[in-house]
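Listed below are the residues making up each chain.
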Amino acid sequence: MGSSLSTALEFRDVSYTIGGNLVLDKLNLRIAEGRTLVLLGRSGSGKTTALKMLNGLLFPTTGHVLVDQRATTDWDLIQLRRGIGYVIQEVGLFPHFTIGENVALVPRLKGWPQDRIAARVSELLDQVGLDPVQFLDRYPRQLSGGQRQRVGVARALAAEPKLLLFDEPFGALDPVTRVELQDQFLALRDRLRKTSIFVTHDVREALRLGTEIALLHRGRLEVLATPDQFVQSSGPEAQAFLATL
Amino acid sequence: MIPPYLLQEMAQSTGEHIVLVLVSMAIAAALGLPLGILLTRRAALRTPLLGFANVMQTIPSLALFGFLIPIPFIGGIGKRTAIVALVLYALLPILRNTLAGILGVDGAVRESAIAMGMTGRQLLWQVELPLAAPTILAGVRIATVTTIGTATIAAAIGAGGLGVFIFRGIASVDTAQILAGAIPAALLALLSDGGFSWIERRIAVS
């Protein structure tokens, strides 16, 4: 897998219609391995829809979404999903599982041996800044919002996925915690170099975290640029977002 | 004081009553749980199935026992008919609470489970059923307590149980006989209600 330019993900002429609404309109997008693409847009711009097509929670009405050169419709969905980390704003930890059990979920589903899972869970909690001794046996309701989302990130990383999906993961956090978690995201990004897709409506977050930014507007791709290029964009939707800085 | 012959008869009737309730509840749970789960997967079946269970509940119990008598195979006089009727009554709370419990699982939790690569079976057994358990149990609790009461009426079609005393007491205007049926039935209901509340507290802790 030498070249960092090999295509890990691709949207090929992807449209998505639901209830007569065109949510995605002929989206074409390639994401190279190891990059962090931020999908930026307003509510209803189609960014979450695009994200959910990558792990087969949704499928294109027309066109194809390719993961590792293979259309998601041709994947065994269980296998596809177990190879993709997924973090959402509501976190979605299992309330009846301890923190340790939550992080261990995908390795357990994949049938890792018990001692390897235990070692991995401790390592991950450390990585996201939670002391394993203190947190392993707690339940999600005993944690703050920021701590819960750290566990959400640890859970997504647990089975060493090749791809990470983030759906406004820090949107519900207070500004200070949000910046802390963004810093941690950057540290993990630079260390792990995993292909990541990050959905947000916050242009500041997009500029900070992305290696590329894709601006979606009404289901269309308006701008695809590096953060440095993005701040020079002249299109009206890009201007509207830049005006919020 | 209660004469020994009456005490012995009460013990026997209580036993019959418990068997009647246990068998009915076992069948109602064996039907209601899988059907409730099916309803979470097939929204189109909800209206007809819940409607059927609802209608069953609205039929006065004495009338339902009467309706069943002439029906071949499941009807007739005796325990079998009573059990059919009791199952029909117990179905609605179990069905409705199973459906409500599973549909009440947080959408983000369900989406996470699917996105992490759980199979449908894993989602059901590891996420949906454990999280819905308190609601489902509440349904079984209501159904059990109601069935203990309704089962007294089953004596009218020869199914035995504590209702025998009550009907006999009414016919002979004998309050002692009525109480000999009503008090053990009430105690059974209270006891099972307490038992369920104990289990509910146990699973709420974990």
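Residues numbered from 1 in each chain as written. Chains lettered and ligands numbered in written order. Predicted model: local features only at pLDDT ≥ 70, side-chain atom pairs only at ≥ 80, totals over all residues.

Chemist: Which residues make up the overall build of chain A, and what values go with them?
Modeler: Counting secondary structure elements, chain A contains eleven helices and ten strands. Rg of the C-alpha trace for chain A: 18 Å, near the compact-globule value of 18 Å for 245 residues, within the 12% margin. Over its C-alpha atoms, taken along the principal directions, chain A stretches across nearly 50 × 40 × 40 Å. Burial statistics for chain A: of 245 residues in total, 42% are counted as buried. (Helix = DSSP H or I, 4+ residues; strand = E, 2+ residues; numbered from the N terminus. Rg over C-alpha atoms; globule rule 2.2 N^0.38 Å. Buried ≥ 20, exposed ≤ 12 C-beta atoms within 10 Å, placed from the backbone.)

Chemist: Tell me what's going on with the confidence of the model for chain B, and back it up with residues and numbers.
Modeler: All names here are of chain B. Per-residue confidence for chain B gives a mean pLDDT of 92; residues scoring 70 or more make up 99%. Looking at the elements of chain B, mean pLDDT is at its lowest for helix α3 (residues 61-68), recorded as 86, and at its highest for helix α5 (residues 107-115), recorded as 96. Our summary of model confidence lists the complex with pTM equal to 0.88 and ipTM equal to 0.91. (pLDDT = per-residue confidence, 0-100.)

Chemist: For the sheet that holds strand β5 (residues 70-71) of chain A, give the residues involved together with the corresponding values.
Modeler: Sheet strands associate in pairs through backbone hydrogen bonding, adopting either a parallel or an antiparallel arrangement. Residue and element names in this part refer to chain A. Here four strands make up an open sheet; going across it, the order is β2-β1-β4-β5 and the pairing antiparallel. Among the strands making up the open sheet, the edge pair consists of β2 (21-32) and β5. Both strand β4 (residues 62-67) and β5 contribute to a ladder of two bridges, which runs antiparallel. In the sheet register, V67 faces β5, and the bridge partner there is R70. (Pairing = 2+ DSSP bridges.)

Chemist: Lay out the packing of helix α1 (residues 4-41) of chain B against helix α4 (residues 79-103) of chain B with the relevant residues and their values.
Modeler: Residue and element names in this part refer to chain B. Across the interface, α1 lies against α4 with an axial gap of 6 Å and an inter-helix angle of 35°. The handedness of the crossing between α1 and α4 comes out as right-handed. Among the residues forming the contact of α1 with α4, the class breakdown is 22 nonpolar, five polar and one charged. (Axes fitted to C-alpha atoms, helices over the stretch in contact; angles between N-to-C directions. Left-handed = near helix turned anticlockwise from the far one by under 90°. Nonpolar A, V, L, I, M, F, W, Y, C, P; charged D, E, K, R; others polar.)

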